[in-house]
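Analysis of the macromolecular model
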Amino acid sequence: MKYFNDALYGFVELPEYVRAVVDTPLFQRLRYVRQVGSVNMVWPCANHSRFEHSLGTMHLAREYLRHLKLDEDEEDCKAFVLAAALHDVGHGPFSHTFEHAIKGTKCAEIFKDHDEWRFRLLRENKRLRAAVGETLVEKIASVWTGGGDGQLKQFHTLIAGPAGVDRMDYILRDSYHTKPLRVLEMTCIQRIMFETRLKDGRVCYTRKGLASVQNLLENRMYLYTEVYGHKTAQAADVLLYKLFSQPLFTDEVYTLLDPNKFETLDDDFIRSQPFMRRYKERQLPKVVSSERGTTGKVGYEDSHDGGETIMAIRNFSWNEFEPSQIGLYLSDGRVADITAEHMPEIVTRTLTRKFELPATVE
């Protein structure tokens, strides 16, 4: 058994079946894809990568197996761990900014979003498929989609649900590297795991665990509003939108949107391009106007283009919990839906939400 030392969790085991996947060029590529895009323009320490986040998510998935007393040697459990490790393998350079920036270009015909692209990588990248093993490929895909039998559907929620291991790790990790005023503690993650039950095909939490679930989601809200949505980080993304729209960029990227060539398309490749000089020198557009509220226009003036004003959309779209996705585990063993009575700050304000990087550039 191999080990690695993680900034959050200390020494972490790396099972052989996971190590085989980690050693593929496609997974190693994640070392060179920053987790939080342009946020390091504001927080200089936010240079962590999707590689370490993916390993951290894998570790939390294995911790869940231990808490739930499930056998990791079973194929469904191995698929769960590998689905957690590979959940971000489809991210393009500069993460979410890339997939928004290429919309409307010929690249979008192939790369619609990172979630859809990872299925092609899993099934068509020869070295990754060989490392995963033929028997696990479709099981991993089922975990990602939430399909398959009851256990695979539960594993999907444990990774991608409102309090899944993906969110657990990136909220912990992004907070660690940016040190916002509100920081999630590891004890919150542990409490959620201790109070998780699998019942009637659903992932459920006891009443004692609801406060920790709420704390996790409130910390997520804080990161979106104060860190990811910072005006300067968004100004850097607006600049990337302009740079990525150049035909020279889209033509070169288009040739690399192939499951067996994608490993070369990372942040370093993009940064090496001549047109990225302004970005590397932090010559960013300036904020000249801003509408208050979660959804509104922010004006950026780009002095390099004769004072052109660019309008970008700051969009927080609010989504309710899916009642069938998670439940409340009662003391008598029954399962109930989580309602506003149990988690008023979450259910009534619906803090599980999606933040979109500037949706349009006018």
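The structure this text deals with has already been given above.
All of the points below concern the structure found in this document. What you see is a predicted model; the values in this text were computed from it and never measured. (Residues numbered from 1 in each chain as written. Predicted model: local features only at pLDDT ≥ 70, side-chain atom pairs only at ≥ 80, totals over all residues. Heavy atoms only, no water.)

**Some thoughts on the overall build of the chain**
- Helix and strand content of the chain: 17 helices and 10 strands.
- Across the 362 residues of the chain, 56% fall into the buried class.
- The contacts in the chain between residues at least 6 apart in sequence include a share of 68% that link residues at least 24 apart.
- Element-wise, carbon and sulfur atoms account for 49% of the exposed surface of the chain, whose accessible area totals about 15600 Å². (Helix = DSSP H or I, 4+ residues; strand = E, 2+ residues; numbered from the N terminus. Buried < 20%, exposed > 50% of the residue type's maximum accessible area, 1.4 Å probe, protein only. Contact = heavy atoms within 4.5 Å. Areas by Shrake-Rupley, 256 points an atom, 1.4 Å probe, with all protein chains shown as cover.)

**Overview of the nonpolar core**
- Within the largest apolar cluster, 101 residues are counted, with the highest numbers of intra-cluster contacts made by Y64, V132 and F244.
- In this structure V132 touches V21, L82, L86, L122, V137 and I140, once residues within four positions along its chain are discounted. (Core = buried A, V, L, I, M, F, W, Y, C linked by side-chain atoms within 4.5 Å.)

**Digging into the pairing of strand β4 (residues 202-206)**
- With five of five residues buried, β4 is to be regarded as a mostly interior element.
- Here β4 shows no split at all, with R202, C204 and T206 on one side and V203 and Y205 on the other all buried.
- Where strand β3 (residues 196-199) lies against β4, four bridges are found, and the strand directions are antiparallel. Bridge assignment links L198 to a residue of β4, and that residue is V203.
- Taking the residues that link successive antiparallel strands as the turn, the β3-β4 hairpin has two residues, and the phi of D200 there is positive, at about 55 degrees.
- Relative to strand β8 (residues 326-329), β4 runs parallel, the two being bridged by four bridges. Counterpart to T206 in the pairing with β8 is Y329. (Pairing = 2+ DSSP bridges.)

**Details of the packing of aromatic side chains**
- Following the criterion strictly, the structure yields 12 aromatic pairs and no others.
- What links up through ring pairs into an aromatic cluster is the set F94, F244, F249, F275 and Y279.
- Positioned above the aromatic ring of F51, the side-chain terminus of R31 is 4.0 Å from the ring centre.
- Above the ring of Y176, the side-chain terminus of K179 is found at 4.2 Å from the ring centroid. (Phe/Tyr/Trp six-rings, centres within 6.5 Å; stacked < 30°, edge-to-face > 60°. Lys NZ or Arg CZ within 6 Å of the ring centre and 35° of its normal.)

**A closer look at helix α12 (residues 207-228)**
- Here α12 spans 31 Å end to end across 22 residues, near enough to the 32 Å set by a 1.5 Å rise per residue.
- Extensive coverage of α12 is indicated by the burial of 16 of its 22 residues. (Expected span 1.5 Å × (residues − 1).)

**Re the environment of H53**
- On the secondary structure map, H53 appears in helix α3 (residues 50-67).
- Residues H53 and D174 lie 121 residues apart in sequence; the distance between their C-alpha atoms is 9.3 Å.
- Every residue in contact with H53, bar those within four places of it in the chain, is listed here: Q35, H87, D88, D166, D169, Y170 and R173.
- A polar contact of 2.7 Å, which involves the side chain of H53, links it to the side chain of D169. (Polar contact = N/O pair within 3.5 Å; in protein donor to acceptor, adjacent residues only side chain to side chain.)

**Focus: the pattern of salt bridges**
- Across all of its chains, the model carries 17 salt bridges by this definition.
- Salt-bridge contacts for E138 lead to R123; the nearest nitrogen and oxygen are separated by 3.0 Å. Taken as a pair, E138 in helix α8 (residues 134-145) and R123 in helix α6 (residues 114-124) lie far apart in primary sequence, 15 residues in all.
- When its relative accessible area of 41% is taken as the criterion, E138 is described as partly exposed. (Salt bridge = Lys/Arg side-chain N within 4 Å of Asp/Glu carboxyl O.)

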